[in-house]
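Working through the structure, step by step
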Amino acid sequence: MISFPTSTYIAYLEGDDYWIDSLKLQKQFDFLESSKNYFGVSHNVRHFYENWNSVYTVKNNTDFECKQGFNGTHNGDKLEGVITLKEILTGWPIASSSFVFRREVLDNYPAFFKKSILGDQFLFSLVNRYGDIHYLPEAMSVYRIHKEGINGSIGKDIGFYKNRIDSMQALYEFYAKTRKDVFKPIISMCHFQIAIYSNSRKERLLHLFKGILTDKKSLLTKTRMIFSIFVKTFTKK
């Protein structure tokens with residue numbers, strides 16, 4: 001992704017997105033120059049839906065209407081402030097086209113990051129490990145959303161959840177096991193997702209109990225899901 005950068009800062013932009021504010025980089029540069037405790041800065045982003053039908057089913061099996069063209073922004077009315085690690089890992093608060101960060105965080109880029117399918121999320125988590133990430137509410141770039149670019153099958157992709165478990169465990173170690181409150185619920189939920197979608201009774205039970213043991217504190221919020229997994233396990237082969 002990034003090969004031997006030498007600049008003080010790195011601006012992130014993927015090929016099908018684009019910037020719409022001529023002062024975008026200057027604003028982010030000025031902020032980082034004046035705020036040494038911050039290691040990254042992002043901003044709001046306009047969404048442009050390209051080659052879409054009026055209704056589309058997304059990965060969580062819900063339908064929503066969408067018309068061709070501009071439709072909304074990435075973070076809505078989110079106010080200026082710090083983006084937390086929990087937001088990074090459980091939501092999607094940073095669009096890649098909005099991100100500028102200090103190059104020095106790549107000096108010790110962890111090898112395990114390269115094995116994860118969550119590239120952007122890992123980069124943002126890496127930056128957050130070194131310092132805060134600031135959010136600006138101005139929409140200064142455009143994120144193109146292609147229907148064919150959305151992986152509609154990811155919800156049932158067991159391999160995705162297994163990779164996410166390995167990734168979150170590695171991040172937990174990278175954070176010196178200091179953010180158990182963030183990582184454990186995510187790992188637990190991934191185990192439950194595998195239990196839901198697996199066709200193997202043995203694998204369902206294995207990940208069901210791993211999910212329970214990984215995050216006992218939030219079991220009360222997952223009782224319905226746990227019950228449905230038990231039903232599926234003992235009524236199907």
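Everything that follows concerns the structure shown earlier in this document.
First things first, this report covers the structure right here in the doc. (Residues numbered from 1 in each chain as written. Predicted model: local features only at pLDDT ≥ 70, side-chain atom pairs only at ≥ 80, totals over all residues. Heavy atoms only, no water.)

Across the 13 residues of strand β3 (residues 38-50), twelve count as buried, placing the element largely inside the fold. Pairing of β3 with strand β8 (residues 100-102) involves two bridges; the strand directions are antiparallel. The partner of Gly-40 across the bridge, within β8, is Phe-101. (Buried < 20%, exposed > 50% of the residue type's maximum accessible area, 1.4 Å probe, protein only. Helix = DSSP H or I, 4+ residues; strand = E, 2+ residues; numbered from the N terminus. Pairing = 2+ DSSP bridges.)

Inspection of every chain in the model, using the stated rule, returns nine salt bridges. The shortest N-O distance in the salt bridge between Lys-27 and Glu-138 comes to 2.8 Å. Note that Lys-27 is positioned in helix α1 (residues 24-34) and Glu-138 in strand β9 (residues 132-146), a separation of 111 residues in sequence. Taken together, the salt bridges that share partners define one network made up of Asp-21, Lys-27 and Glu-138. (Salt bridge = Lys/Arg side-chain N within 4 Å of Asp/Glu carboxyl O.)

A cluster of nonpolar residues, Leu-13, Trp-19 and Leu-25, forms a patch on the protein surface that exposes about 240 Å² of accessible area. Within the secondary structure, Trp-19 sits in strand β2 (residues 18-19). (Patch = residues over 30% accessible without salt bridge, like charges linked within 9 Å, V, L, I, M, F, W, Y side chains within 5 Å. Areas by Shrake-Rupley, 256 points an atom, 1.4 Å probe, with all protein chains shown as cover.)

One non-glycine residue, Ala-176, adopts positive backbone phi at about 55°. If you trace the backbone, Ala-176 turns up in the loop between α4 (158-174) and α5 (180-197). Given a relative accessible area of 48%, Ala-176 falls into the partly exposed group. Phi is positive for Lys-177, which is not a glycine, with a value near 55°. Its place among the elements puts Lys-177 in the loop between α4 and α5.

A separate point is the packing of aromatic side chains. Under the counting rule described, the total for this entry stands at ten aromatic pairs. Ring centres of Trp-92 and Tyr-143 lie 5.4 Å apart, and the angle between their planes is 85°; on these two criteria the pair is classed as edge-to-face. With a gap of 51 residues between them, Trp-92 in the loop between α2 (85-90) and β8 and Tyr-143 in strand β9 connect regions that are remote in the sequence. Ring geometry for Phe-160 and Tyr-161: centres 5.2 Å apart, planes at 80°, overall edge-to-face. Pairwise contacts between aromatic rings join Tyr-172, Phe-174, Tyr-175 and Phe-183 into one cluster. When the ring centre of Phe-39 is taken as origin, the NZ or CZ atom of Arg-102, which lies over that ring, is 5.6 Å away. Across the ring face of Tyr-175, the terminal group of Arg-129 is positioned such that the distance to the ring centre comes to 5.3 Å. (Phe/Tyr/Trp six-rings, centres within 6.5 Å; stacked < 30°, edge-to-face > 60°. Lys NZ or Arg CZ within 6 Å of the ring centre and 35° of its normal.)

In this section: helix α7 (residues 223-235). With 13 residues, α7 extends 18 Å from end C-alpha to end C-alpha; this agrees with the ideal 18 Å at 1.5 Å per step. Burial in α7 covers these residues: Met-225, Ile-226, Ile-229 and Thr-233. The arc that holds the buried residues of α7, viewed along the axis, is 100°, so those residues lie on one side. Facing away from the buried surface of α7 by more than 90 degrees, the exposed residues are Arg-224, Phe-227, Phe-234 and Thr-235. Packing partners of the buried residues in α7 comprise α5 and α6 (201-214). (Expected span 1.5 Å × (residues − 1). Arc of directions from axis to C-beta. Contact = heavy atoms within 4.5 Å.)

Looking now at the packing of α5 against α7. Two elements in contact, α5 and α7, have axes separated by 9 Å at closest approach and are oriented at 30°. For the element pair α5 / α7, the angle class is roughly parallel. With respect to the hand of their crossing, α5 and α7 are arranged in left-handed fashion. Between α5 and α7, the contacting residues are Met-189, Phe-192, Ala-195, Ile-196 and Tyr-197 on the first element and Met-225, Ile-226, Ile-229 and Lys-232 on the second. (Axes fitted to C-alpha atoms, helices over the stretch in contact; angles between N-to-C directions. Parallel < 35°, antiparallel > 145°, perpendicular 65-115°, else oblique. Left-handed = near helix turned anticlockwise from the far one by under 90°.)

Of all hydrophobic cores here, the largest spans 35 residues; its most connected members are Leu-89, Phe-99, Phe-101, Val-127, Met-168, Leu-171 and Phe-183. When residues of this core are traced back to their parent elements, those giving at least two are α2, α3 (119-130), β9, α4 and α5. Tallying contributions element by element places α4 first for this core, with seven residues. Contact partners of Val-127, with chain neighbours within four places excluded, come to Phe-39, Gly-40, Phe-99, Phe-101, Val-105 and Ile-133. Residues Tyr-9, Leu-32, Val-41 and Leu-136 belong to the second largest nonpolar core, which totals eight residues. (Core = buried A, V, L, I, M, F, W, Y, C linked by side-chain atoms within 4.5 Å.)

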